[in-house]
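The lines below spell out each chain.
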Amino acid sequence: MRLIGLALALGATLLHTPLAQAACPDAATVDTFIADRAAARPAMPPIAAGSSLDDGLCAQAMVVERLSKDLGPVVGYKAGLTSPPAQQAFGVDEPVFGTLLRDMLLKPGASVRAADAVRSLFEADLIVEIGDAAVNDATTPAEVLAAIRGVRPFLELPALVAPLDIQLDGPMITAINVGAWRGVMGELIAVPADETGVAMLADFTARLTDETTSETISAAPGKAVLGHPLNAVIWIAGVLKAQGKALKPGDLVSVGSIGPLNPMKPGQKIRLTYEGLPGTPGVSAAFE
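Let me sum up the structure you'll find in this document. (Residues numbered from 1 in each chain as written. Predicted model: local features only at pLDDT ≥ 70, side-chain atom pairs only at ≥ 80, totals over all residues. Heavy atoms only, no water.)

This part is about the overall build of the protein chain. Regarding its fold elements, the protein chain presents eight helices and 13 strands. The C-alpha atoms of the protein chain give 18 Å as radius of gyration, which agrees with the globular expectation for 288 residues (19 Å, within 12%). Along the first, second and third principal axes, the C-alpha atoms of the protein chain reach 50 × 45 × 30 Å. Evaluated residue by residue, the protein chain yields a buried proportion of 56% over its 288 residues. Within the protein chain, counting contacts between residues at least 6 apart in sequence, those at least 24 apart form 78% of the total. Here the protein chain has roughly 11400 Å² of accessible surface; of this, 55% comes from carbon and sulfur atoms. Separation between the mean location of the 21 positive side-chain charges and that of the 30 negative ones in the protein chain comes to 4 Å. (Helix = DSSP H or I, 4+ residues; strand = E, 2+ residues; numbered from the N terminus. Rg over C-alpha atoms; globule rule 2.2 N^0.38 Å. Buried < 20%, exposed > 50% of the residue type's maximum accessible area, 1.4 Å probe, protein only. Contact = heavy atoms within 4.5 Å. Areas by Shrake-Rupley, 256 points an atom, 1.4 Å probe, with all protein chains shown as cover. Lys, Arg positive; Asp, Glu negative; His and termini not counted. Charge placed at Lys NZ, Arg CZ, Asp CG, Glu CD.)

Right under this line is the structure:
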């Protein structure tokens, strides 16, 4: 499929320059960002402003290393800006790569203070849990499906840690680890490892509902992510391969936005439901 080839090509070219040759920020700049992030202050100046994706990835590696001291080890990765609306919002025409740390992941029903982060947002997402290292060689959604344990509901809660008047671009959002802040993750969902499962993941609807008003905030199909959400796994595997790394059993992959980003508002209680997946699973979160 042409789209899958494109996803693999993007993964391979994202790191076309070794990180050692990238223009990495100095340690003081990263320390300032980490302090601003912890204090819910807009980070100024933005890391990697006016730079390249390679520079942004080098900055991200430094940020993740600092964050892991408080948030625990790497448990997976995230593909950001995987839908056309999200890409348009940040002026890019390809996804961006981020890293998930253990304590970023919250249990269903979690309560989160919107004021604990700058430009705190929420979005419909989906976690894929890797089951077999063969996923690194997958080139189709069917091959990915055969190498995973299942999927998990994921209400992602990113934070952009930048002033409202700053328009983040690809390198800048990459540098801040694609805004990875928190996310509410649900129980594992087994999906049939056949064409039925492939179609199910393409066609299910991720619906965000404001439980206070019962109004639908957004509803989008799984295929809003790169034509199929499992294409995001292929893309992530390509990025990791370019870094000399690989997905391993137990790793989690956040496939990215299934619909628009939304500002988090105190007093909201949000429900994310997956219509068309077994048991119509979902997760909720309350915003203080």
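Side chains of a nonpolar character, in soluble globular proteins, are inclined to be buried together. Judged by nonpolar contacts, the single largest core of 88 residues is most densely connected at L155 and L247. Sorting elements by how many residues they give to this core places helix α8 (residues 231-242) first, with eight residues. In contact with L247, other than residues within four places in its own chain, are Y77, I130, A133, V135, N136, V233, I236, A237, L240 and V253. Membership of the second largest hydrophobic core comes to six residues, among which are L105, I127, F154 and L252. (Core = buried A, V, L, I, M, F, W, Y, C linked by side-chain atoms within 4.5 Å.)

Among all positions of helix α7 (residues 195-203), only G197, V198, M200, L201 and A202 are buried. Structurally, α7 contributes buried residues whose contacts are with β5 (121-130), α5 (141-145), β6 (148-157) and β9 (215-221).

Attention now moves to the sheet that holds strand β4 (residues 110-112). Sheet architecture is open: five strands sit in the order β4-β13-β12-β8-β9, paired in mixed fashion. Since the sheet does not close on itself, it has two edges, and those belong to β4 and β9, each with one partner. In this sheet, adjacent strand axes meet at a mean angle of 20 degrees when their direction is disregarded. (Pairing = 2+ DSSP bridges. Axes fitted to C-alpha atoms, helices over the stretch in contact; angles between N-to-C directions.)

The next subject is unusual backbone geometry. Residues other than glycine seldom take positive phi values, yet A40 does so here, at roughly 55 degrees. With respect to the helices and strands, the residue A40 is situated in the loop between α2 (27-38) and α3 (53-71). Residue classification places A40 among the partly exposed residues on the basis of a relative accessible area of 24%. A positive phi is found at V161, a non-glycine position, where the angle reads about 50 degrees.

This next bit is on the state of the cysteines. In the structure shown here, the tally under the stated rule is one disulfide. Residue pairing for C24: its cysteine sulfur links by disulfide to C58, the two sulfurs lying 1.7 Å apart. Residues C24 and C58 are joined through a disulfide that is right-handed, its torsion about the S-S bond being 90 degrees. Of this pair, C24 sits in the loop between α1 (2-13) and α2 while C58 sits in helix α3, and the two are 34 residues apart along the sequence. C24 sits in the partly exposed class, given a relative accessible area of 35%. Judged by its relative accessible area of 9%, C58 falls in the buried class. (Disulfide = S-S within 2.5 Å.)

With that settled, consider the packing of α2 against α3. The contact between α2 and α3 brings their axes to 10 Å, and the two run at 45 degrees. Between α2 and α3, the interaxial angle falls into the category oblique. Note that α2 runs across α3; the crossing there is right-handed. Along its contact with α2, which presents A27, V30, D31, F33, I34 and R37, the element α3 presents M62, V63, R66, L67 and L71. By residue class, the composition of the contact of α2 with α3 is eight nonpolar, no polar and three charged. (Parallel < 35°, antiparallel > 145°, perpendicular 65-115°, else oblique. Left-handed = near helix turned anticlockwise from the far one by under 90°. Nonpolar A, V, L, I, M, F, W, Y, C, P; charged D, E, K, R; others polar.)

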